[in-house]
Each structure stands twice: as C-alpha cells, then as structure tokens.
Amino acid sequence: MSTLAERPANPVVGLRAAHESAKLHVTGAAMYTDDLAAQTVGTLTAWPVQSTNAHARVEIDVAPAYDVPGVVRVLTAADVPGINDAGIKHDEPLFPSEAMFHGHALVWVLGETQEAARLGAEAVRVEYEPLPSYVSVQDAIAAGSFQGIARTVVRGDAATAMAASDRVFEGVSEFGGQEHFYLETQASFAIRDSEGQYFVQCSTQHPSETQEIVAHVLGIPSNEVTVQSLRMGGAFGGKEMQPHGFAAIAALGAKLTGRPVRLRLNRTQDITMTGKRHPFHISWKAGFAADGRIQALEAMLTADGGWSIDLSEPVLGRALCHIDNAYWIPNVHADGRIAKTNKTSQTAFRGFGGPQGVFLIEDILGRVAPQLGLEPADLRRRNFYRPGQATPYGQVVKDAERIDAIWSELLAESDFAARHAGIDAFNAAHPDVKRGLAITPVKFGISFNFAAFNQAGALVHVYKDGSVLINHGGTEMGQGLHTKMLQVAATALGLELHQVRLAPTRTDKVPNTSATAASSGADLNGGAVKNACEQIRERIAKVAGRLLGVDERDVRFEGGSVTGLGKPERLPFAEVVEAAYLQRVQLWAAGYYRTEGLHWNPEIMQGSPFKYFAFGCAATEVEVDGFTGAYRVRRVDIVHDVGDSLSPMIDIGQVEGAYVQGLGWLTLEELRWDETDGPHRGRLQTQSASTYKLPSFSEMPEEFNVRLFERATESGAVYGSKAVGEPPFMLAFSAREALREAVGAFGPVGHSVELGSPSTPEAVFWAVESARAAASDLDASVATASALTTADAAADVPADAAADAEGGASAPLQTVDA
C-alpha cells in the first residue's frame, strides 16, 4: 500500500469537482428525512408540550389531549421501557418531572396529522411549582451553580512573570452564543418492521450514538436498531448530540403504536428547544514586555453550559487549548469551568470551543495595542510562534513557519501597507465616517480531544461490471464530504469519478462510527476509504499482472484502465474485475483508519491531542457610520492552509462560508433571553429570523478574495490534505478587529476600544460614543494643562511639577482596565 499522503499520477483528488448532490439541491429533488416521512402512508406526527417556566416541578394531565380528534397517543415517562434519558451523561431525562428551561419538552403528542398533534399538545394541562432559576452566566457564577469537571492549563510561572512584566493589563471579555440556524430543522422518522427491528432515518451527525440512545431508551440491543443519515440541510455541530432524543421519541412512538412516526421541529421549536454555541465570561490579566512581547497570561474561563452537560466539557477543553491562537505565551495559568443555567443545553458548534478561546487573546491584543503604542498588526506578528516552540499544553507547533509565511503573502496580495495609509488619509478627511483595516491569523488543532473518536471505517464494493459503491461512517451536511470521498476512492482505484457511487451513511454498513465533527470527516473517513480501496486494488493487481505478463508491482491503475510498465496494452478496469471474479478474488473490503501519534491526559491538560495544525490569515476592511454605528465590509482577503486540497472548489466554498458564519457570530447574531423576574423569565426572545439577525447578501464583503496556501502537503493525512471545516471560522476575527480600528479612529491616539460582542451596530455606536468622549476629555485636558502651564509660568513654577501635583499623564501606568 502507498503512504497515506502519496498521490499517484493524474489523481482525481485535487480536481475541481461539483458537489455530488448539487443538481439534486438546485432542482429540489434532494430528499431529506421529513421528505421520506411524507411519502410513507399511515405516518403519525409527534408534537411537544413545552414548558412555559424556566425552572419548576411539573404535574402533567394528558387526559384532555385524548378528547382532540386525531390524537392517537401521548408519550410520557411511564411509556419508556428502557432508560428515560437522551444524554450520554444520564442528565437529560427524555420526559422530565422538572422543567429545566423555558421551552423544555415535557411530553409528546402523536397525531394523525400535524394539526391534530398540535391541538392535542395545547390541550395538555401542566401545573408548575416554580424553583429558583439562573438565566445569565453571571447569575450562575454568583450562585455557585456549576456542572461538569473544571480544567486548568498551566505552563511556567504566570504570577512571577506577571510581576516582572513592564506593562500589565487586566479586564473582562464576555461574548454571546450563536444559533445554528441550519436550513433543515431537527428531524427523525422511525419505522418498526415485521421482524421487530427499528429503522430510524435521522438528520444526525452521529448515527452510531443516535443508535445507542434509541436502543437504551427502548431497552433493546443496538443490533435491533439501524440509523441512516441520507443527508442533512446543514448542521454545524447542532446535530452531533441534539438529535438523539428526538430519534428516541419517534422510535418509542413507533413501538407503542406499530405505525411510522415522524418528528420534525418547526423553526420556533428548534430555536427554543435546542442548544447553541456556548457563551463565555472570561476575566483575565496579561503581562507584556516593553517591546510588546507577551510574558504572561492568567485567565478564568466560564462557559455557559445551559441546563445539562451535553458536550460542554470537551468544548471547554478545546477553548483552553486555543487561548494562545497563533501566539507564543511563555507563562500561562488558565482555569476553566462550566456554569449551569436554566437555558437550552449548549452544544457543539463549528469550532467547538476554539473560537471562544481565540476570542480571548485576540480581544486582549486588540485592546492593549494602542496603549502599548504599537500597530495591532505589528503586535500580533512579533508574538507569532516560531519553529520548535510548543503550546501551553505541551504540543510542538509543527510547521509553525507557515504562520509567518501566510501572513507575509497576505500582506503583499492585499496591498495592506498602501491601503492602511490610504485609510489614514480617508479618516483624517471624514469626521463622521471612518474605515478600519485589520489582519489576524488562526492556528487550529485538528483531531478529537477524546482520542477514541479518532478512528473510522469504510465498506467498499466493486461489482463485476467494474462499478464501485462506497459506504463510510461520515455524514453529509452540505460540506462536501461525500464528494471528497468519491474523489478519494476514484484516485485509489485509478478510476474516473463517474464510476464510483456513494451509499447513504448507515449503522448496519459501518458500525461504531465517530461523529462527523472536529473537522476530521475527510481525514478519518478518507483514510478508511483509501485503505479499503487499496486492499481491493492489491488483490486485482495480481490478476492484472498475469493478464498483462508483468509483475503485480508493475501494474498501474489510471483513468479507468489497467496497464503494465513497459507494455502498450490497456485493459479496461471492468475486464480485469470480471477476470478477478472468475478467479474467486474478493472484490469488497472493509477499510479502517486510526489517527496515529495522539496522546492526551485531560486531568493535567497536557500532551499532543492534535494530529496537525491548520493555519490561515485574513485581512478585512470595514467602514463605520459614526451617526448610527452601521458598518459595511468593503473587502476581505484570505490565504488559508488546507494542505494539498482534495477538492479545491469545495474547500474554497468552505472557507468563504466559515468566514461569513464567523462574521455573523462576532458582529450580528444576538441571542437574548428574558432576564427579568416576570412571567416570561428565561424565555428566548429571539425565536425566528425576524428577531435573530443572520448574515445575508447585504453583509457579504463587497470584494472577497480567497486563495489556498500552496505547496502545503500534510504528510500525516490522506493524500496530503488538511481539514477545512472549522479553522477558517476564526478568520472572521479580522472583521471585529477592523471594526475596532475604525471605532478607534473616532477617538484620540492611544485610546483602547472596548467592543461589545456581538459587535452589532448598536454596540459599535456606543463604542464610537465612548471614543468621541475620550477625544473630548483629552481636548479638555489639553486645554486645562495649557492654562495651568501659562499660570505656572507666570508664578515661576516648573510645568512638570504642576503636572505631577495634578496626577497627570506623566505618571507611569502599570495596570489598567484595558
């Protein structure tokens, strides 16, 4: 077999290929979970009864629902034959006796139609005994309401280094969550067949875990449950854990009624019932040398986990592993903890804690650069990792030189220096409109934090006519994974792309799969697909060698033909396969891949949890209206490292989409819960697209330039590629920092800009007002100092002595609230 990264001549990987379902998508012919349910006769619909209290014990009377025409069954805790829990930590009761957040599903009504189920749910009577509730992370911190395991990352002696630093800054960085807002809401469809087995079609990123949860709720072994994920209309992490309970409800309904059951949340239900990106509250202190190099960082990261633990522990772990981003910090002490609040259970989201960790260091650098008297771009660059340096958790940053190389290429391609000068001139001439230009890097580790998840399987069939069918454990959510797997299989077998077909992801074809998450889908499943194809190729190479009269090692597969070195004859692949079948050669193979070289001790947060790092840089230019805080993104330039791309068109699309989604989180998307003590306490106020602002065409950059970093082979990954899904999300920090630059132009030189997050036009407006106030204060201070100087001169008093007496600007400032 070839090495993992080695590419043959004329590979199919690396070519620009359309998404394998593109035609189905644009014509509306692509089938999704709820489409399959709609085509099945006799299907019942499930509808939730949702809590209207943020935290309360509940007494439920379901009898009135049965008076509603069309209601077939109301599912309650008494109906569960197995374990009444939808989580992996046994802290998520499927049918709770205690409502834990406003919108919590208490029981489910099955109806002949959606309307019947909805009316039945409205008829159910719920009595509440209110309990204390914590809606904000500050509420939880004040009450000491925490869950899960706290973690700490330590390197060096942060306290001593802090004390020895030339400048020390401290502050708080606080930012909100993000709604996944996938196009297809959570959906499951369950059928119990004539043999008593369950087939569950589910919009899930983790079919094997969905299978396990369904099995333990029903009290049956996993081999009686098959879960299939045909395709998803988006997921972004929101379908890694959250679908399991919905699939279990559908399966339980199918068991009790003997009929197919569909469960498809409408948009308001999906937003009010499912988890989000974790909001964080971070207090920090940072020490710098006189030249701007970071000396020490101390931080307390508090993640808002919501009502149950879900994936909050690994999200927190990854956040702690990314507080350095692309910067060398010699002394670190960072603590992390998870708040328990009465909100939706926050869950995986693209970046999985990485963006929250990166936010900390980028916010610090952006806030302190003016007070250090340095350009933010210069401050960032002088703190980059250098070859041989390791992260705070002990992993050497492989290929660290790529950070500076990508940065240098982007500075040149974006004409950064000239544009920066032009912006200074523009700002000087426009008192009420300012522009900003910022550049930020990203370094993102690729692999699951939990080592066992770094494995994958595949099943590849070659049929007698030479056509190929591949099954793998990854799921397709629009990101192009299936397209890449087709290209990998075609390359490994020496075929053309049209000769390979892909089957839907199913637990009875490839078992015990990991979630399609952590940007590892192509790495893991690509390795497994390649392994299976190479097993088959080696077997039929022996047959081809005999047919061509060459040694099997001299057989070549390319473009759908088989040749031998030094031989003019070309045999069609199908002909060789037919001969192999007649000679009783196995034409199918189970492939397997496990990521090598990983080791991690979560107790001490030390080791090498990542196979490699993905790098990238983005430069963003914005324009801010000083009257309203409204802004527009004028231009974005990106150079991003995906190794040797498996599918360049897919990868560039992923970089573009990730940047825009990151832009949404940082500047637009604001989740608001009712934090009052009124009757709606804990209610999510942003329940639809009318109240929750998503990026649209109007927020797209007016000029958007994306290029993949060249000559970037990753030796440890399939065909030299690198992951692409999550890392470019963090390129959007350049937009937030550009907003900070533009806002700063309204204030005096050296003014530290604090931006609310998300940096909505309202938040930007108040930051502009603060900058203007600082400018006014400085003008007043200068005028006062001038008057004092005149008076002092008349009185023969030295000006410096007068300034000292007033506690003026000449007094050294060691610690500030940056």
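Relevant structure appears above.
Let me begin by describing the structure that accompanies this report. (Residues numbered from 1 in each chain as written. Predicted model: local features only at pLDDT ≥ 70, side-chain atom pairs only at ≥ 80, totals over all residues. Heavy atoms only, no water.)

**A look at the sheet that holds strand 21 (residues 555–558)**
Pairing within the open sheet is antiparallel, and its 3 strands lie in the order 21-22-23. Only two strands of the sheet have a single partner each, and these edge strands are strand 21 and strand 23 (570–572). Strand-to-strand twist in this sheet, taken as the mean axis angle between neighbours without regard to direction, amounts to 30°. In this fold helix 15 (residues 521–548) packs onto strand 21, strand 22 (561–564) and strand 23, with an angle of close to 115° to the strand it touches most, strand 21. (Pairing = 2+ DSSP bridges. Helix = DSSP H or I, 4+ residues; strand = E, 2+ residues; numbered from the N terminus. Axes fitted to C-alpha atoms, helices over the stretch in contact; angles between N-to-C directions. Contact = heavy atoms within 4.5 Å.)

**Some details on the nonpolar core**
As a rule of thumb, soluble globular proteins bury nonpolar side chains together. Ranked by internal contacts, the top residues of the largest apolar core, which has 104 residues, are Phe288 and Leu301. In this structure leucine 301 touches Phe280, His281, Ile282, Leu316, Ala319, Leu320, Ile323, Ala334, Asp335, Gly336 and Arg337, once residues within four positions along its chain are discounted. Ala458, Ala518, Ala541 and Val555 belong to the second largest nonpolar core, which has 52 residues in total. (Core = buried A, V, L, I, M, F, W, Y, C linked by side-chain atoms within 4.5 Å. Buried < 20%, exposed > 50% of the residue type's maximum accessible area, 1.4 Å probe, protein only.)

**What to know about helix 13 (residues 416–429)**
Across its 14 residues, helix 13 extends 20 Å between first and last C-alpha, which sits within 8% of the 20 Å expected from 1.5 Å per residue. Taken together, the buried positions of helix 13 are occupied by Phe416, Arg419, His420, Ile423, Phe426 and Asn427. For helix 13, the angular spread of the buried residues around the axis is 120°, confining them to a single face. Exposed and oriented more than 90 degrees from the buried face of helix 13 are Ala417, Ala428 and Ala429. (Expected span 1.5 Å × (residues − 1). Arc of directions from axis to C-beta.)

**Notes on the side chain of glutamine 687**
By the secondary structure assignment, glutamine 687 is in the loop between helix 17 (648–667) and strand 29 (703–708). Here leucine 684 takes part through its backbone oxygen, which lies 2.8 Å from a polar atom of the side chain of glutamine 687. Sequence-distant contacts of glutamine 687, defined by excluding residues within four places in its chain, comprise Arg267, Thr268, Ile271 and Thr272. (Polar contact = N/O pair within 3.5 Å; in protein donor to acceptor, adjacent residues only side chain to side chain.)

**Focus: the environment of glutamate 224**
Mapped onto the secondary structure, glutamate 224 falls in the loop between helix 6 (207–218) and strand 11 (225–229). With residues near it in sequence (within four places) discarded, glutamate 224 still touches Gly196, Gln197 and Tyr198.

**Describing the pairing of strand 18 (residues 468–472)**
Burial within strand 18 is extensive, with 5 of its 5 residues counted as buried. Bridging between strand 17 (residues 455–462) and strand 18 involves 5 bridges; their strand directions are antiparallel. When the sheet's bridge partners are listed, valine 460 is paired in strand 18 with isoleucine 470. Counting the residues in the hairpin turn of strand 17 and strand 18 gives 5 residues, including glycine 466, whose phi is positive at 90°.

**Digging into the packing of aromatic side chains**
In total, this model carries 22 aromatic pairs according to the counting rule given. Ring centres of phenylalanine 384 and tryptophan 407 lie 4.9 Å apart, and the angle between their planes is 80°; on these two criteria the pair is classed as edge-to-face. With phenylalanine 384 in the loop between helix 11 (376–381) and helix 12 (401–413) and tryptophan 407 in helix 12, the pair connects residues that are 23 residues apart, well separated along the chain. The same class applies to phenylalanine 384 and to tryptophan 407, which are both buried. When the centroid spacing of 5.5 Å and the interplanar angle of 80° are considered together, the rings of phenylalanine 448 and phenylalanine 453 count as edge-to-face. One aromatic cluster is present, formed by Phe175, Phe280, Phe359, Trp665, Phe729 and Phe733 through successive ring pairs. (Phe/Tyr/Trp six-rings, centres within 6.5 Å; stacked < 30°, edge-to-face > 60°.)

**A short note on the environment of lysine 530**
Secondary-structure assignment places lysine 530 in helix 15. The class of lysine 530 is buried, set by a relative accessible area of 2%. Sequence separation between lysine 530 and leucine 671 is 141 residues, and the spatial gap between their C-alpha atoms is 43 Å. Apart from the residues lying within four places of it in its own chain, the contact partners of lysine 530 are Ser2, Thr3, Leu4, Glu6, Val488, Val718 and Tyr719.

**Considering the packing of helix 17 against helix 18 (residues 733–744)**
Orientation of helix 17 relative to helix 18, taken along the N-to-C sense of each, is 45°, at an axis distance of 8 Å. In this view, helix 17 runs oblique relative to helix 18, as classed from their interaxial angle. Residue-level contacts link Tyr659, Leu663, Trp665, Leu666 and Thr667 of helix 17 to Phe733, Ser734, Ala735, Arg736 and Leu739 of helix 18. Residue composition of the contact of helix 17 with helix 18, grouped by class: 7 nonpolar, 2 polar and 1 charged. (Parallel < 35°, antiparallel > 145°, perpendicular 65-115°, else oblique. Nonpolar A, V, L, I, M, F, W, Y, C, P; charged D, E, K, R; others polar.)

**Observations concerning the packing of helix 14 (residues 481–493) against helix 15**
At a minimum axis distance of 9 Å, the contact between helix 14 and helix 15 shows a crossing angle of 30°. In terms of orientation, helix 14 lies roughly parallel with respect to helix 15. Handedness of the helix 14/helix 15 crossing: right-handed. Only Gly521, Ala522, Asn525, Gly526, Val529, Lys530, Cys533 and Arg537 of helix 15 make contact with helix 14, whose side of the interface consists of Leu481, Lys484, Met485, Val488, Ala489, Ala492 and Leu493. Its residues assigned to classes, the contact of helix 14 with helix 15 shows 9 nonpolar, 3 polar and 3 charged. (Left-handed = near helix turned anticlockwise from the far one by under 90°.)

**Describing the pattern of salt bridges**
Tallying each qualifying case throughout the model produces 51 salt bridges. Two residues, lysine 89 and glutamate 313, come together in a salt bridge whose shortest N-O distance is 3.4 Å. You can see lysine 89 sitting in the loop between strand 3 (71–75) and strand 4 (98–99) and its partner glutamate 313 sitting in helix 9 (residues 312–320), a full 224 residues away along the chain. Across the pair arginine 594 and glutamate 596 runs a salt bridge whose closest N-O atoms are separated by 3.2 Å. (Salt bridge = Lys/Arg side-chain N within 4 Å of Asp/Glu carboxyl O.)

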